[in-house]
Amino acid sequence: MPVNDEVITLVDRSNKVIGDVPRHLMNFGRDYHRVTYILVFNQAGNLLVQKRTDNKAFCPGFYGVTTGGVVEKGESYIDSAHRELQEELGFDAPLESQGVFFTEGEGFKIWGKIFTCHYDAAIHGELTLQPKEVASVHEMSMDSIIGNTGELPFTPDSLSALKHYANKLTQPKPDDPL
């Protein structure tokens, strides 16, 4: 196993944990797994959207509407979300659950959990981007992303998360997995 290989939590079609697998052995088009999606809003109410680096395995150079990533072995959704926020943008903040949803497409079958948070440079300091994953950050309105007025390539799973949130297709429930 590669030295820094993540171990990803595997789930079944009903989002129940069934095991784990090292990332290098994961079949993303077949295996169901969990992912966190954090919609990071700024003081103006716009989203902070990440341009992915060109060396990412999934959708290199695309724009990720959310901060987040795969839930690792032994990790809860909320722990994963806080870890990803700190790793990718260099800050942490209170997270509000917006519910769980399922999305799939070419190369992914995901049970995602959406969180929202607010970023304020005066409180959190300047962003510190993770160089191997985040090329740059851009402020965009939800409407411009959903309408894709800039005709940008958005990662399909993060766009699905935004659409679920914007259309109120998810709501936090007491029995949502942590």
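Throughout, a residue's number is its position along its own chain's written sequence, starting from 1. The predicted origin of the model limits local features to residues at a pLDDT of at least 70 and limits the giving and counting of side-chain atom pairs to 80 or more, whereas totals for whole chains, interfaces and linings rest on all residues. For side-chain calculations, the full set of non-hydrogen atoms in the structure is used, while hydrogens and water are omitted.

### Some words on the layout of surface pockets
It is the rolling of a water-molecule-sized probe over the atoms that shows where space remains empty.
Then, number 1: Using a grid of 1 Å spacing that covers the protein atoms alone, one calls a set of points a cavity when a 1.4 Å probe fits there but cannot get out, and a pocket when the set is open and has protein on both sides within 12 Å along at least five of seven lines; lining residues are those with an atom within 4 Å of a point. Grid points are joined across faces, edges and corners, and a volume is the space filled by probe spheres set on the points. Looking at the largest pocket, its volume works out to about 980 Å³.
Then, number 2: Contributions of two or more residues to the lining of the largest pocket are made by β3 (33–41), β4 (47–52), β6 (67–70), α1 (77–89), β8 (108–118) and α4 (156–166).
Then, number 3: For the lining of the largest pocket, a count of residues per class yields 10 nonpolar, 14 polar and 13 charged.
Then, number 4: S14, N15, K16, R34, V100, W111, Q171, K173, D175, D176 and P177 together form the lining of the second largest pocket.
Then, number 5: Residues were grouped as follows: Ala, Val, Leu, Ile, Met, Phe, Trp, Tyr, Cys and Pro as nonpolar; Asp, Glu, Lys and Arg as charged; and all remaining residues, including Gly, as polar. Its residues placed into classes, the lining of the second largest pocket shows 3 nonpolar, 3 polar and 5 charged. Only DSSP runs of H or I reaching four residues or more are called helices, and only runs of E reaching two or more are called strands; each is numbered from the N terminus.

### Here's the deal with the UniProt feature "binding site: Mg(2+)" (unreviewed entry) in the protein
Then, number 1: UniProt positions are given in the numbering used here, feature names are shortened, and annotations may be inferred rather than shown by experiment. In the numbering used here, UniProt assigns the feature "binding site: Mg(2+)" (unreviewed entry) to E84 and E88. Lining the largest pocket, from this annotated set, are E84 and E88.
Then, number 2: Locating E84 in the fold gives a position in helix α1.
Then, number 3: Residue E84 is classed as buried on the basis of its relative accessible area, which comes to 4%. Only protein chains enter the accessibility calculation, which uses a 1.4 Å probe; a residue is then buried when its area is under 20% of its type maximum, exposed when over 50%, and partly exposed in between.

### Thoughts on the nonpolar core
Then, number 1: The definition of a nonpolar core used throughout is a set of buried Ala, Val, Leu, Ile, Met, Phe, Trp, Tyr and Cys residues joined through side-chain atoms within 4.5 Å. Formed by 23 residues in total, the largest nonpolar core has its most connected members in Y37, L39, L47, V49, V65, I145 and F154.
Then, number 2: Listed by contribution, the elements that provide at least two residues to this core are β1 (7–11), β3, β4, β8 and α4.
Then, number 3: Per element, the largest residue contribution to this core is 4 residues, and it comes from β3.
Then, number 4: When near neighbours in sequence (up to four residues on either side) are disregarded, L47 contacts L39, V40, F41, V65, H138, E139, M140, M142, I145 and L162.
Then, number 5: The next biggest cluster of nonpolar side chains, apart from the first, holds 18 residues, and it includes Y77, A81, L89 and F115. Every residue pair with non-hydrogen atoms within 4.5 Å of one another is taken to be in contact.

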